[in-house]
Amino acid sequence: MHQAEENPRFRRAMYLMLLLLLIGYIGFKAWHLSMAFEAWEGQAIVGAVPGAVK
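Predicted model only: the values in this text are computed from it and were never measured.

Thresholds, definitions, all that
Residues numbered from 1 in each chain as written. Predicted model: local features only at pLDDT ≥ 70, side-chain atom pairs only at ≥ 80, totals over all residues. Heavy atoms only, no water. Helix = DSSP H or I, 4+ residues; strand = E, 2+ residues; numbered from the N terminus. Buried < 20%, exposed > 50% of the residue type's maximum accessible area, 1.4 Å probe, protein only. Areas by Shrake-Rupley, 256 points an atom, 1.4 Å probe, with all protein chains shown as cover. Expected span 1.5 Å × (residues − 1). Polar contact = N/O pair within 3.5 Å; in protein donor to acceptor, adjacent residues only side chain to side chain. Patch = residues over 30% accessible without salt bridge, like charges linked within 9 Å, V, L, I, M, F, W, Y side chains within 5 Å. Salt bridge = Lys/Arg side-chain N within 4 Å of Asp/Glu carboxyl O. Phe/Tyr/Trp six-rings, centres within 6.5 Å; stacked < 30°, edge-to-face > 60°.

Peer 1: Talk me through the overall build of the protein chain; I want residue IDs and the actual numbers.
Peer 2: A tally of regular secondary structure across the protein chain gives two helices and zero strands. Within the span of the protein chain, comprising 54 residues, buried residues form 0% of the whole. Taken as a whole, the protein chain presents about 5400 Å² of accessible surface, with 69% of it coming from carbon and sulfur.

In structure tokens, the structure reads:
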């Protein structure tokens, strides 16, 4: 904690690392959701499924 208060270069590096991690997480989740939607679009329900949510 003391190093972050005294060293602005260290603080900038930490903010940059957090920003890159956030961007990476958002990118990974976007890829994950795109794969899930592709799989969902490819599924065909052949007839009524009792108890299914509509």
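Past the structure itself, the notes keep going.
Peer 1: So what's going on with helix α2 (residues 8-41)? Residues and values would help.
Peer 2: Across its 34 residues, α2 extends 49 Å between first and last C-alpha, which sits within 8% of the 50 Å expected from 1.5 Å per residue. For α2, the N-terminal capping position is held by N7, with its side-chain oxygen 3.1 Å away from the main-chain nitrogen of R9.

Peer 1: Give a description of a nonpolar patch on the surface that names residues and reports values.
Peer 2: Judged by side-chain polarity, M14, Y15, M17, L18 and L21 come together as a nonpolar surface patch covering roughly 510 Å² of accessible area. By secondary structure assignment, the location of Y15 is in helix α2.

Peer 1: Describe the packing of aromatic side chains, with residues and values.
Peer 2: How two aromatic rings sit relative to each other is set out by the distance from centre to centre and by the angle between their planes. Going through the model one piece at a time under the given rule, you end up with two aromatic pairs. With 5.7 Å between their ring centres and 45° between their planes, F28 and W31 make a pair best called tilted. Note that F28 and W31 are positioned in helix α2 at a spacing of three residues, about one turn of the helix. Each ring, one from F37 and one from W40, has its centre 6.3 Å from the other, and the planes form 70°; the classification is edge-to-face. Of this pair, F37 and W40 both sit in helix α2, three residues apart, roughly one helical turn.

Everything listed is a geometric property; what it means functionally is a separate question.
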